[in-house]
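If you want the building blocks of each chain, they are given just below.
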Amino acid sequence: MSTATLVRMVRDPRSGQVHLPNETVSVLAVLQNIDRTLLKVRWQAGGDCVVFPEDLESPDVAPLMKEATERQPQARSLADVARFCTEL
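Residues numbered from 1 in each chain as written. Predicted model: local features only at pLDDT ≥ 70, side-chain atom pairs only at ≥ 80, totals over all residues. Heavy atoms only, no water.

J.: I would appreciate a short explanation of the environment of Gly47 in the present structure.
T.: The residue Gly47 is located in the loop between β5 (36-42) and β6 (48-51) in this model. A residue is classified by how much of its surface remains accessible, and Gly47, at 39% relative accessible area, is partly exposed. Each C-alpha atom of the pair Gly47 and Ser15 lies 9.0 Å from the other, and the pair is 32 residues apart in sequence. If near-sequence neighbours (up to four positions away) are discounted, Gly47 is found in contact with Val41 and Arg42. (Helix = DSSP H or I, 4+ residues; strand = E, 2+ residues; numbered from the N terminus. Buried < 20%, exposed > 50% of the residue type's maximum accessible area, 1.4 Å probe, protein only. Contact = heavy atoms within 4.5 Å.)

Given below as structure tokens:
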């Protein structure tokens, strides 16, 4: 399981709890939904949520993105993945 750090404030839509930048989260899964990549994370305090990749900063997420893209190549182009990896 990879870990990442929030780069901006994120509100969990289920609980309404606000999570601040620099909070460490565990990345549980990479999801594809309507040509958009989402990450399922577990908060430090517990509970799961789906966030956008732009909300996280971690080089550990890049291999997960690559693996998800290889499983669903039509969802993202390799150029998109390379751009995302350099943004991390």
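Now that the structure has been shown, we can carry on.
J.: Before we go on, may I ask you to explain unusual backbone geometry in this structure?
T.: The phi dihedral of Asn22 is positive, around 80°, even though this residue is not glycine. Mapped onto the elements, Asn22 comes out in the loop between β3 (18-19) and β4 (24-33). Asn22 gets classed as exposed once you look at its relative accessible area, which sits at 65%.

J.: Help me understand the sheet that holds strand β7 (residues 56-57), please; the structure alone is not making it clear to me.
T.: In any sheet, the strands associate via hydrogen bonds between backbone groups, in a parallel or an antiparallel arrangement. With antiparallel pairing, five strands are arranged side by side in an open sheet as β6-β5-β4-β1-β7. Two strands lie at the open edges of the sheet, namely β6 and β7, each paired on one side alone. (Pairing = 2+ DSSP bridges.)

J.: I would appreciate a short explanation of a nonpolar patch on the surface in the present structure.
T.: Taken together, Met9, Val18 and Leu20 make up a surface patch of nonpolar side chains, about 300 Å² in accessible area. Positionally, Val18 belongs in strand β3. (Patch = residues over 30% accessible without salt bridge, like charges linked within 9 Å, V, L, I, M, F, W, Y side chains within 5 Å. Areas by Shrake-Rupley, 256 points an atom, 1.4 Å probe, with all protein chains shown as cover. Salt bridge = Lys/Arg side-chain N within 4 Å of Asp/Glu carboxyl O.)

J.: It is not clear to me how the pattern of salt bridges should be interpreted in this structure. Could you clarify?
T.: It is possible for side chains bearing opposite charge to pair when their charged atoms get close. Under the definition given, this model contains four salt bridges. Between Lys40 and Asp48 there is a salt bridge, with its nearest N and O atoms 4.0 Å apart. With a shortest N-O distance of 3.1 Å, Asp48 and Arg42 are connected by a salt bridge. A residue is classified by how much of its surface remains accessible, and Arg42, at 37% relative accessible area, is partly exposed.

J.: Hey, could you run me through the pairing of β5 in this one?
T.: For a regular strand, the rule is simple: side chains alternate between the two faces of the sheet. Sheet topology note: the β4/β5 ladder contains seven bridges and is antiparallel. In the strand pairing of β5, Val30 is matched with Leu39. Here β4 folds back onto β5 in antiparallel fashion, the turn holding two residues, of which Ile34 has a positive phi close to 50°. Pairing analysis gives four bridges linking β5 to β6, with the strands arranged antiparallel. Bridged to Arg42 within β6 is Asp48. Counting the residues between successive antiparallel strands, the hairpin from β5 to β6 contains five residues, one of them, Gly46, with a positive phi of roughly 105°.

Keep in mind these values describe shape, not function.
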